[in-house]
Amino acid sequence: MDALWARVSERLCKQIGAASFNSWLKPLRVAQLHEDRVILLASTGFLRDWIRGNYQSVLLREFQKDMPHLRSVVIEQSLQADVPKPRAGRAPEVPGVLKADPAPKSVDMAPGMLDDNLTFDNFVVGKANELAYAAARRVAEADGVAFNPLYLYSGVGLGKTHLMQAIAQHIRQTRPERKVMYLSAEKFMYQFIRAVRYKDTMAFKEQFRSVDVLMIDDLQFFSDKDSTQEEFFHTFNELVDRKHQVVISADRSPSDLDGMEERIRSRLGWGLVADIHPTDFELRVGILEQKAAMSPAANVPDDVIRFLAHRITSNVRELEGALKRVIAHHELMGRAVTLELAQEVLTDLLRSNARKVTIDEIQKKVAEHYSIKMTEMSSSRRARAVARPRQVAMYLSKKLTTRSFPEIGRKFGNRDHTTVLHGVRRIEELMHDDASLAEDVRLLEAALSN
Ligand code: ADP
Ligand code: MG
């Protein structure tokens, strides 16, 4: 058992990097080995959930190399006390301090701090996030302070934490002497409250004020006007005065931070405020392609990527989650990744992302798919390149909505109902002979319907 775990560990470490491995997987203990099942124990519920959420498939893959009949790796929380704690022996006062020295210890960071995957390289840039990305890069590469503070905000799951961690990683690699601290506002509050309780606020202040770059994630958690906020504000001011970089993220703009005092709100907006917008189709495709490339064995086909990008529009986290689920299904059940599999595995997600289909929406999706302007749906141009997509949209409007031919005609630049009828028939005919058109229609239909 030990020898097997040692072998698997070695491969895991190569796969996910020493830092992640040491933080997350090294503390695991193998509890049971069966031909088809491995049970691993994590020391805390948090570790268990994190590993389930992030490393389940890589664990399965690496175990399978030694155990060809293995079908699942189960991660449970240990109920015994003898499982090594992830940070045994070292209890940093403030989680999140990145020690600058390149000694091995610095790699063995507290869990939950830095995720090796959250780098600039792994961040897909599109219109929605280009400003935030450029600003984050500037901060990471700047000699002195770039904008102070850099304030990133967006709805949930759109990449704020990713960018902050990317800044931290970049600085750690290029200027290891700089002290970077990344922590959530919640952690900051917790640390402060603890320091007050143990009458240790001096040490607390010192720790924060000695950093070169301070990053506080999810600032909206400082909801009430209390002493934590005050302490944060002092720390913040002092760092800014001494020209140390501060990076903040929140789910809303500085002026919308209701629980914050006015002077703090206004001060937060003095640097650069960059918001990340919801993703568009193109960016979603880019993100999925990049994530799919990390699991080459799953061979995720193009139509599945486009399908997910059409249908999971809420945020990147859900998008990523959807793809992971499809890939996990492939890995666990050995099923090929297809549109059918995706639809089957994601029923619940798709339902929550689904709305009633309208003709407008159909036109928009079809136009997007064929890269033509939405206005071509009602224009009088008859060139094949626009006429065919228009007919596809008519066909789908007939199929997916309850609208009549005349009603559909009106939506396509007041065309006569016979034109719509002709268009629908034409597509039906073509689908028999033209496999690629049939595939387009099938994909669009899947993307538009429940
Ligand atoms: P937030 O902090 O804004 O709630 P996160 O940074 O945690 O969002 O992002 C949620 C997930 O989506 C993360 O796994 C992150 O890596 C991923 N993600 C978000 N935006 C991008 C992007 N542009 N490219 C690649 N991955 C992204
Ligand atoms: Mg976040």
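Above this text you will find the structure in question.
Not measured: the values here are computed from a predicted model.

Cut-offs applied
Residues numbered from 1 in each chain as written. Chains lettered and ligands numbered in written order. Predicted model: local features only at pLDDT ≥ 70, side-chain atom pairs only at ≥ 80, totals over all residues. Heavy atoms only, no water. Helix = DSSP H or I, 4+ residues; strand = E, 2+ residues; numbered from the N terminus. Buried < 20%, exposed > 50% of the residue type's maximum accessible area, 1.4 Å probe, protein only. Phe/Tyr/Trp six-rings, centres within 6.5 Å; stacked < 30°, edge-to-face > 60°. Lys NZ or Arg CZ within 6 Å of the ring centre and 35° of its normal. Pairing = 2+ DSSP bridges. Axes fitted to C-alpha atoms, helices over the stretch in contact; angles between N-to-C directions. Near = heavy atom within 4 Å. Polar contact = N/O pair within 3.5 Å; in protein donor to acceptor, adjacent residues only side chain to side chain. Areas by Shrake-Rupley, 256 points an atom, 1.4 Å probe, with all protein chains shown as cover. Nonpolar A, V, L, I, M, F, W, Y, C, P; charged D, E, K, R; others polar. Domains from an automatic or database assignment.

(A) A look at unusual backbone geometry. The omega torsion across Asn 148 and Pro 149 is -5°, close enough to zero to call that bond cis. Of note, Pro 149 is situated in the loop between helix H6 (130-141) and strand E5 (150-153). For Asp 218, which is not a glycine, the phi torsion comes out positive at approximately 60°. On the secondary structure map, Asp 218 appears in the loop between strand E7 (213-217) and helix H10 (227-241). With phi around 50°, Ser 371 is a residue other than glycine that occupies positive phi space. Checked against the element boundaries, Ser 371 lands in the loop between helix H17 (359-369) and helix H18 (384-400).

(B) Quick peek at the side chain of Gln 391. Counting through the fold element by element, Gln 391 comes out in helix H18. Accessibility expressed as a relative area gives 13% for Gln 391, which makes it buried.

(C) Expanded view of the packing of aromatic side chains. Tallied over the full model, the rule gives 11 aromatic pairs. Aromatic pair Trp 5 and Phe 63: ring centres 5.9 Å apart, planes at 15°, arrangement stacked. Of this pair, Trp 5 sits in helix H1 (residues 2-16) while Phe 63 sits in helix H4 (residues 56-64), and the two are 58 residues apart along the sequence. Judged by relative accessible area, Trp 5 falls into the buried class, the value being 14%. Here the aromatic cluster, defined as three or more aromatic residues joined through ring pairs, consists of Phe 188, Phe 192, Phe 204, Phe 208, Phe 232, Phe 233 and Phe 236. Across the ring face of Phe 405, the terminal group of Lys 398 is positioned such that the distance to the ring centre comes to 4.7 Å.

(D) Representation of the sheet that holds strand E1 (residues 29-33). Taken in spatial order, the 3 strands line up as E1-E2-E3 in an open sheet, and their pairing is mixed. Two strands lie at the open edges of the sheet, namely E1 and strand E3 (72-77), each paired on one side alone. Ignoring which end each strand starts from, the neighbouring axes of this sheet average 25° apart. Bridge count between E1 and strand E2 (residues 37-42): 4 bridges; the pairing is antiparallel. Bridge pairing in E2 places Gln 32 opposite Ile 39.

(E) Main features of the site of ligand 1. Close to ligand 1 lie 19 residues, the nearest being Val 124, Gly 157, His 162, Arg 317 and Glu 320. Measuring from an oxygen atom of ligand 1, one finds a backbone N or O atom of Gly 157 at 2.7 Å. Between Leu 158 and ligand 1, the recorded distance is 3.2 Å, taken from a backbone N or O atom to an oxygen atom. With the chains in place, 91% of the 560 Å² that ligand 1 exposes on its own is no longer accessible. Looking at the shell around ligand 1, the elements that each hand over two or more residues are helix H7 (160-174), helix H12 (281-293) and helix H14 (316-333). Here the residues of the shell around ligand 1 are counted per class, giving 7 nonpolar, 8 polar and 4 charged. Mapped onto the domain boundaries, the shell around ligand 1 takes at least three residues apiece from domain 2 (110-275) and domain 3 (281-353).

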